[in-house]
Amino acid sequence: MASTTSATTAAAAAAAATKPRGSSSALCPRVAAGSRRRSGVVRCDAVGVEAQAQAVAKAAGVAALEQFKISADRYMKERSTIAVIGLSVHTAPVEMREKLAVAEELWPRAIQELTSLNHIEEAAVLSTCNRMEIYVVALSWNRGIREVVDWMSKKSGIPASELREHLFILRSSDATRHLFEVSAGLDSLVLGEGQILAQVKQVVRSGQNSGGLGKNIDRMFKDAITAGKRVRCETNISSGAVSVSSAAVELALMKLPKSEALSARMLLIGAGKMGKLVIKHLIAKGCKKVVVVNRSVERVDAIRGEMKDIEIVYRPLSEMYEAAAEADVMFTSTASETPLFTKEHAEALPPVSDTMGGVRLFVDISVPRNVSACVSDVGAARVYNVDDLKEVVEANKEDRLRKAMEAQTIITEELKRFEAWRDSLETVPTIKKLRSYADRIRASELEKCLQKVGEDALTKKMRRAIEELSTGIVNKLLHGPLQHLRCDGSDSQTLDETLENMHALNRMFSLDTEKAIIEQKIKAKVEKTQN
C-alpha cells in the first residue's frame, strides 16, 4: 500500500477541489460588509458548512479508495475476509452493551451505514440483551476492522480505545464457528437457551425484507440456523435448559422469603416475547396472578388466551407507576431507549411489607436497561439486570458443558460445509473470464474471416451459419475445462481438484482473475461513494 502521506495528500487535494472559490479555511469565514450580521456577531451558514463538510468527507473517501485501487496488487492474495467484531455478556458490562444496542427496526439502516464504509462489502447486525455483534465481509482486514470499530465508537459515544478493551474480533473460520456456536446456544449466558436461534433467524428475515444481506453473510447465517437446529435435535443440550426469562423468574424467587415467594405481587412491564416467557415460567413455579402493563391490550389478551393457569390483569402504560406501587416484584422487558424507573420514581413508591423482606425487587431483562442503576441507591429497592443472572446459571453449568462437547462435532461438520461452499465460489470468476477470453478471440477471428471473404459474397443465411459454427467450436472446446471448474463444494477431494484446475487455467491463459476481482470490487465502492 502506498504511504499514508500520499493518501492524505490525495484526500486533501480532492477536498480542495470541492471547496468554493475564494472561501476561507476558517470554520466560520468572515463576510463582507452588508452580509448577515446581528449585534456585531457573524452568523455561520450552518447548512452550507454541513454540506461542505459532507463534500470534503466524500472526496476524502473517494481519494482513499483510489489510493487503495492503485496498490491493489498487494491485496490480490487476500481473499475478502469474513469477520465478527462485537462484545457480549462475557466481555462487557451491560452499561456498555446498552450504548451499542441497535433496535431490530434499525438493523437495515445499520447495515446500510456499514456497507457504505470504504472496505466493507457485506454486513449484518446481531443485537440482543446479551450481545452486540457485527458480521462483515471486508475488502481489507485491517482497514475494514478499523472502520467498523470507528463506526461503533461514533454510534455509542464510547472512545475507540475504551471499546477495544471489551471487543472480541474473529476472522475467517473462527468468525463463522463463533456464529454457529451462538446459534446453537453454546455462547449464551444460559447455555443451550433457545431464544438466540429465533434472533439469528430474525437477522435473515430482516435482511431479506430490506435486501441488505450479501451473498456470503446470508449463506453463513442460514447455515448457522441449520447448525443451531441440528444441535438441538441431535443432542440433549436443550433438555431442562433455561432462558433469560426463566433465569429472571428463578432469581426473583431466590431473593424473596421462601415462605412468601408465591404470594408476592408480581408485575410485568412489556408483553413481548421475553415478557411472555416470564409469564410462562411464573406459571411453572406455581404463581397464580400477574399484572401486565403494556401499550396495547391486544397482545395481553392473546397471552391470556394461551395461558389459562394464571390470572392476567391488564393495566395500560399510563397506569404503570400506580401498578408499580402495588407490586412486590417487577419484571421489565420493553424496547424503551430511556429508563422507565429512576431513583425519584422508586423513592415515590410506598414501602413493601416486612413479610416480603421490606424491599421491592426490580428485575430488568432489557437492553438498554428499563431501570436506572441509581434505583439501587434507594434503601427499599433491589435492582437486578441480565448480568446478575449468572448466579442462577452457574447451578446448571457443569452438566451443560458436557452437552456442549457433543454439539461441537455438529458445529465442525456445518463449518466444513460452509467453507467448501465458499471455496467453490472462487471458480466462478475464472469461468466468466475464460468464457469472455474465448468469445473475444472468436469474434476477432470471425471478423477477419468475413473481411477476407467479403460482405457481398455471403447471404444472411451463410453469415449466420458461419457465426454458429464459430460459436459451436468454442463451446465444444470450452466444455471440458468448464466442467472441471464446476463444483458444489460437497466433496472435499473434488473441490481440491477443481481449485487446482482453476489455478492452472489462470496461469495458462493469463486470466489474472484475482486482480480483476479486487479491482472490480474497489471500482464498485468508488462509484457508490461518488453517487
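Residues numbered from 1 in each chain as written. Predicted model: local features only at pLDDT ≥ 70, side-chain atom pairs only at ≥ 80, totals over all residues. Heavy atoms only, no water.

Looking at an unreviewed UniProt entry, one finds the protein named Glutamyl-tRNA reductase, with Miscanthus lutarioriparius as its source organism.

Some remarks on the packing of aromatic side chains
Note the cut-off: When the centres of two rings from Phe, Tyr and Trp lie within 6.5 Å, Trp using its six-membered ring, the rings pair. Their planes under 30 degrees apart give stacked, over 60 give edge-to-face, and anything left gives tilted. Counting from the N terminus, the helices are the DSSP runs of H or I reaching at least four residues and the strands are the DSSP runs of E reaching at least two. Type-normalised accessible area, obtained with a 1.4 Å probe on protein chains alone, sets the label of each residue: buried when under 20%, exposed when over 50%, and partly exposed for intermediate values. Placement of a charge over a ring requires the Lys NZ or Arg CZ to be within 6 Å of the ring centre, with the centre-to-atom vector within 35 degrees of the ring normal.
Under the defined criterion, the tally for this structure stands at four aromatic pairs. Ring geometry for tyrosine 135 against phenylalanine 221: centres 5.3 Å apart, planes inclined by 85°, an arrangement best described as edge-to-face. Residue tyrosine 135 is found in strand 5 (residues 131–138), and its partner phenylalanine 221 is found in helix 9 (residues 215–234); the two are separated by 86 residues along the sequence. As far as burial versus exposure is concerned, tyrosine 135 and phenylalanine 221 are alike and both buried. Here the aromatic rings of tyrosine 321 and phenylalanine 341 are separated by 5.4 Å at their centres, their planes lie at 80°, and the arrangement is edge-to-face. Here phenylalanine 341 lies in the loop between strand 10 (329–332) and helix 14 (343–348) and tyrosine 321 lies in helix 13 (residues 320–325), a separation of 20 residues in the sequence. Judged by relative accessible area, which is 0%, phenylalanine 341 ranks as buried. Directly above the ring of tryptophan 141 sits arginine 171, whose terminal nitrogen or CZ lies 4.2 Å from the centroid.

Describing the sheet that holds strand 3 (residues 81–88)
We count it as follows: Any two strands between which DSSP finds at least two bridges are classified as paired. Between the N-to-C directions of two axes lies an angle of 0 to 180 degrees, each axis being a line fitted to C-alpha atoms and, for a helix, fitted only over the stretch in contact.
An order of 4-5-3-6 is seen for the four strands of this open sheet, with the pairing classed as antiparallel. The open sheet has two edge strands, strand 4 (120–127) and strand 6 (168–171), and neither has a second partner. Mean inter-strand twist for the sheet, computed between neighbouring axes without regard to direction, equals 15°.

What about a nonpolar patch on the surface?
The cut-off we apply is this: For patch building, the residue pool is restricted to those with more than 30% relative accessible area and no salt bridge; the joining distance is 9 Å between like charges and 5 Å between nonpolar side chains (Val, Leu, Ile, Met, Phe, Trp, Tyr). Methods summary: accessible areas were calculated by the Shrake-Rupley approach with a probe of 1.4 Å, and residue burial reflects only the protein chains presented. One side-chain nitrogen of Lys or Arg within 4 Å of one carboxyl oxygen of Asp or Glu is enough to make a salt bridge.
Residues Leu469, Ile473 and Leu477 make up a contiguous nonpolar surface patch of roughly 320 Å² in combined accessible area. With respect to the helices and strands, the residue leucine 469 is situated in helix 18 (residues 460–483).

Notes on the nonpolar core
Where a protein is soluble and globular, its nonpolar side chains tend to be buried together. Going by this rule: Among buried residues, the Ala, Val, Leu, Ile, Met, Phe, Trp, Tyr and Cys ones that are joined through side-chain atoms within 4.5 Å form a nonpolar core.
Membership of the largest hydrophobic core comes to 64 residues, with the highest contact counts inside it found for Tyr135, Val148, Met152, Phe180, Met220 and Phe221. Grouped together as the second largest cluster of nonpolar side chains are 45 residues, Ala101, Val292, Val352 and Val363 included.

Quick notes on the side chain of threonine 235
Here is the rule we go by: Whenever two N or O atoms come within 3.5 Å, that pair is a polar contact, provided that in protein one can donate a hydrogen and the other can accept it, and provided that, for residues adjacent in sequence, both atoms are side-chain atoms. Residues count as neighbours in contact if any of their non-hydrogen atoms are within 4.5 Å of one another.
Relative to the assigned elements, threonine 235 resides in the loop between helix 9 and helix 10 (244–255). Residue class for threonine 235 comes out buried when judged on its relative accessible area of 10%. At 3.3 Å, the side chain of threonine 235 forms a polar contact with the backbone nitrogen of isoleucine 237. Leave out the neighbours within four places in its chain, and threonine 235 touches Arg230, Glu406, Ala407 and Ile410.

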